[in-house]
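What follows is the residue order along each chain.
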Amino acid sequence: MGRMASNRFHQGPGPSQRQLRVGELIRRTLSDVLLRGDVHDPDLNRHSITVGEVKASPDLKVATVYVMPLGGHDAQDALAALRRNTRALRHLVAKAMTLKYAPQLRFQLDETFDRLALDKVTQDLARQYNNRGKYNVEIDPQVTRLDRNRVDVTIAVDEGKAAKIRHINLIGNDSFEQDEILDTWESRESNWLSWYRRDDQYSREKLTGDLEKLRNFYLDRGYIDFSDDNVQVAISPDRRDMFLTAGITEGDQYTVSKIQITGDTVLPKEELDKFLTVKEGSIFSRRLLELTSDAIVATLGNIGYAFAQVNPVPQVDRDARTVAIDLQVVPGPRVNVRRIVFKDNNRTKDEVLRRELRQFEGAWYSQAAIDRSKIRLQRLGFFENGSVEIESQPVP
């Protein structure tokens, strides 16, 4: 991990319990965000960054984040990448917290040694490895004292082998065969292709995603009362095999008794009715309902209503096993594009990019024109695949 000073001094009264709690929540959230690479910046993601400590100000409006890349290599580059992505990181932290105000993030290099911080790093590493099914991981932090009040910290990691899923068992699936349900899962029992697909390796993130797929499977087939009551994960004594058991309650299958579009539709109601993929008398499907909502939002977005929303309001009749759906349209204000600005473009002339645009300044906002403009810019061949991103910001 590199060399650092051996003490950190705190002056004045200590932080409150709320400051400590918020700081630890930010630290863990940032650690997870950086580990997953949620921010799409290659310069940032190439660093393995440890978040040692986060200090929240008394009013919780500022959070100082002490970081250090693994081994201390390219520390200034890593710090610059973090500061460049402060806004995106703050947005991701805000999504994971319940505070009314997301603290401003200020990144600093962590050049002090704290045994408690080292223990937290060790625990975080072990937790991240465990989340990926590597329960046999061995983490050995070693601290060597040097001259001039310095220490050298080395973390030796033996990952071990990932635990494999030996058996998956669903309890309560009376209407569908287990193989049909598990066909959509990413987690699979060990099979002869697992050496290539690695789909039998247990991961908590994979299991969370698979349970969401399980819920979607039933909601798309009309089982709106579905619930996963109990999920158990057992591990063998040698920590090599995992056994997953999920107890579910299917409930009854519901049909659509009525569906209508209400609110300020802007366009004639008959024109929006053609987007209804859910019909009266058909089996309820959340996927089809979302497709309908997305189609209406896209249509309004193409004529200037950039912030249009469609809120489905269901009325469930459990005695008749039917559901009536009211799609409430909220178009919001009609938006005019005031200005188009290109960022992080240091070589190509502005007019070369603008001639590819199909969304023009002074015109009504159009999501279709923006999407087409993005495709045309990408096809120029001047940018890496997926590097063209478009961000729309409201102007007060």
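Everything here concerns the structure above.
Figured I'd write up the structure that's included with this text. (Residues numbered from 1 in each chain as written. Predicted model: local features only at pLDDT ≥ 70, side-chain atom pairs only at ≥ 80, totals over all residues. Heavy atoms only, no water.)

Overview of the side chain of T50
Part 1 of the reasoning: Relative to the elements of secondary structure, T50 occurs in strand β2 (residues 49-56).
Part 2 of the reasoning: Residue T50 is classed as buried on the basis of its relative accessible area, which comes to 18%. (Helix = DSSP H or I, 4+ residues; strand = E, 2+ residues; numbered from the N terminus. Buried < 20%, exposed > 50% of the residue type's maximum accessible area, 1.4 Å probe, protein only.)

Remarks on a negative patch on the surface
Part 1 of the reasoning: Taken together, the side chains of E177, D179, E180 and D183 make up a negatively charged region of the molecular surface.
Part 2 of the reasoning: Turning to its location among the elements, D179 is positioned in helix α6 (residues 178-182). (Patch = residues over 30% accessible without salt bridge, like charges linked within 9 Å, V, L, I, M, F, W, Y side chains within 5 Å. Areas by Shrake-Rupley, 256 points an atom, 1.4 Å probe, with all protein chains shown as cover. Salt bridge = Lys/Arg side-chain N within 4 Å of Asp/Glu carboxyl O. Lys, Arg positive; Asp, Glu negative; His and termini not counted. Charge placed at Lys NZ, Arg CZ, Asp CG, Glu CD.)

Quick word on the environment of K374
Part 1 of the reasoning: Summarising the element assignment, K374 is placed in helix α12 (residues 367-379).
Part 2 of the reasoning: C-alpha separation for the pair K374 and R358, spaced 16 residues apart in sequence, amounts to 9.0 Å.

Points about empty space enclosed by the protein
Part 1 of the reasoning: If you walk through the whole model with that rule in mind, you get two cavities of 30 Å³ or more.
Part 2 of the reasoning: There is about 30 Å³ of room inside the second largest cavity.
Part 3 of the reasoning: The wall of the second largest cavity is formed by I168, L170, W185, L207, L211, V231, L244, T245 and A246.
Part 4 of the reasoning: The element best represented in the lining of the second largest cavity is strand β9 (residues 241-249), accounting for three residues.
Part 5 of the reasoning: Here the lining of the second largest cavity is built from residues that sort into eight nonpolar, one polar and no charged. (1 Å grid on protein atoms, 1.4 Å probe; cavity = no way out; pocket = protein on both sides within 12 Å on 5 of 7 lines; lining within 4 Å. Points joined across faces, edges and corners; volume = space filled by probe spheres on them. Nonpolar A, V, L, I, M, F, W, Y, C, P; charged D, E, K, R; others polar.)

Observations regarding the sheet that holds strand β3 (residues 62-69)
Part 1 of the reasoning: Spatially, the three strands line up as an open sheet ordered β2-β3-β4, and their pairing is mixed. With partners counted over all chains shown, the strands left at the sheet margins are β2 and β4 (104-109), one partner each. Between one strand axis and the next, the sheet turns by 30° as a mean value, whatever way the strands run.
Part 2 of the reasoning: Alignment of β2 against β3, held across seven bridges, turns out to be antiparallel. What sits directly across from E53, in β3, is Y66.
Part 3 of the reasoning: Each of β2, β3 and β4 is contacted by helix α1 (residues 17-36), which is oriented at about 155° to β2, the strand it contacts most. (Pairing = 2+ DSSP bridges. Axes fitted to C-alpha atoms, helices over the stretch in contact; angles between N-to-C directions. Contact = heavy atoms within 4.5 Å.)

Describing the packing of α1 against helix α5 (residues 115-131)
Part 1 of the reasoning: For the pair α1 and α5, the least separation of the axes is 12 Å and the interaxial angle reads 50°. Judged on the interaxial angle alone, α5 and α1 are oblique. Handedness of the α1/α5 crossing: right-handed. Two secondary-structure elements touch here, α1 through E24, R27, R28, S31, D32 and L35 and α5 through K120, D124, R127 and Q128.
Part 2 of the reasoning: Looking at the contact of α1 with α5, its residues break down into one nonpolar, two polar and seven charged. (Parallel < 35°, antiparallel > 145°, perpendicular 65-115°, else oblique. Left-handed = near helix turned anticlockwise from the far one by under 90°.)

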